[in-house]
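This is what each chain is made of:
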Amino acid sequence: PEGSDPVRPFVRPLTRTEIESPAFWTLLHEAAGVADDALRHIRDTELPALEVIGVTDGDVVAFAAFAVTADELTLEYIAVDAGTRGRGIGASLVDAIRSTHPGLPLLAETDNDAVDFYRALGFTVEPRPPDPRWPGRPRYRCTLSASSA
């Protein structure tokens, strides 16, 4: 859209209405890759216990959900609408998460679909044991060290 900065989109907490929207549902399906019943469980049970941030352009076009503990930040879900990829939105979501607690490392687990995204952002990538939720898919633990900010 005219006047918007594609490199630094406005990232903010998402409202419950936005989390319940069809656009969010599509992104959650992409992020989790599970059946509708499991998606409902994630949306209604897991997400309320997490910080959920996103980017909107009329509809939700990207989101990330993460947990905060005393020792680390854990990125549980992230997705960017296919039509808005390549504009730095995913990197902006990661930056926004890190800015909440810059002294903590950021962890994520992924598969082959997103491992290059994490590598490009400077995460250290290590192979993980298989996850029964995604049989036959290689898994990776991605770690971004705490910033000194």
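(A) Fine view of the packing of helix 2 (residues 22-32) against helix 3 (residues 36-46). Direction vectors running N to C along helix 2 and helix 3 enclose 105°, while the axes themselves pass 10 Å from each other. Taken together, the axis directions place helix 2 and helix 3 in an arrangement best described as roughly perpendicular. Contact with helix 2, carried on its side by W25, L28, H29 and A32, involves D36, L39, R40, I42 and R43 of helix 3 and no other residues of that element. Across the contact of helix 2 with helix 3, the residue classes break down as five nonpolar, one polar and three charged.

(B) Structural detail: helix 3. Taken residue by residue, helix 3 has L39, I42 and R43 as its buried positions. One side of helix 3 holds all its buried residues, which, seen down the axis, span an arc of 90°.

(C) Geometry of the packing of aromatic side chains. In total, this model carries three aromatic pairs according to the counting rule given. Aromatic pair F117 and Y118: ring centres 5.1 Å apart, planes at 75°, arrangement edge-to-face. On the basis of relative accessibility, which here comes to 28%, the residue F117 falls in the partly exposed class. Of the residues examined, Y118 reaches a relative accessible area of 3% and is grouped as buried. Through successive ring pairs, a cluster of aromatic residues spans F117, Y118 and F123.

(D) Focus on the confidence of the model for the chain. Per-residue confidence for the chain averages 91 on the pLDDT scale, and 93% of its residues sit at or above 70. Within the model, pLDDT remains below 50 along residues 1-6, and this stretch shows three contacts once partners closer than five positions in the same chain are excluded.

(E) Spatial organisation of the pattern of salt bridges. Taken as a whole, this structure holds 11 salt bridges when the rule is applied. A salt bridge links R85 to E30; the nearest nitrogen and oxygen atoms lie 1.9 Å apart. Note that R85 is positioned in the loop between strand 4 (73-80) and helix 4 (89-100) and E30 in helix 2, a separation of 55 residues in sequence. Exposure remark for R85: the relative accessible area of 43% places this residue in the partly exposed category. A relative accessible area of 43% means that E30 is categorised as partly exposed. The shortest N-O distance in the salt bridge between D37 and R40 comes to 2.7 Å. With D37 and R40 both in helix 3, this residue pair falls three residues apart, about one helical turn. Since its relative accessible area comes to 36%, R40 is described here as partly exposed. In this structure, a network of salt bridges that share partners links the residues R16, E20, R43 and D44.

Definitions and cut-offs
Residues numbered from 1 in each chain as written. Predicted model: local features only at pLDDT ≥ 70, side-chain atom pairs only at ≥ 80, totals over all residues. Heavy atoms only, no water. Axes fitted to C-alpha atoms, helices over the stretch in contact; angles between N-to-C directions. Helix = DSSP H or I, 4+ residues; strand = E, 2+ residues; numbered from the N terminus. Parallel < 35°, antiparallel > 145°, perpendicular 65-115°, else oblique. Contact = heavy atoms within 4.5 Å. Nonpolar A, V, L, I, M, F, W, Y, C, P; charged D, E, K, R; others polar. Buried < 20%, exposed > 50% of the residue type's maximum accessible area, 1.4 Å probe, protein only. Arc of directions from axis to C-beta. Phe/Tyr/Trp six-rings, centres within 6.5 Å; stacked < 30°, edge-to-face > 60°. pLDDT = per-residue confidence, 0-100. Salt bridge = Lys/Arg side-chain N within 4 Å of Asp/Glu carboxyl O.

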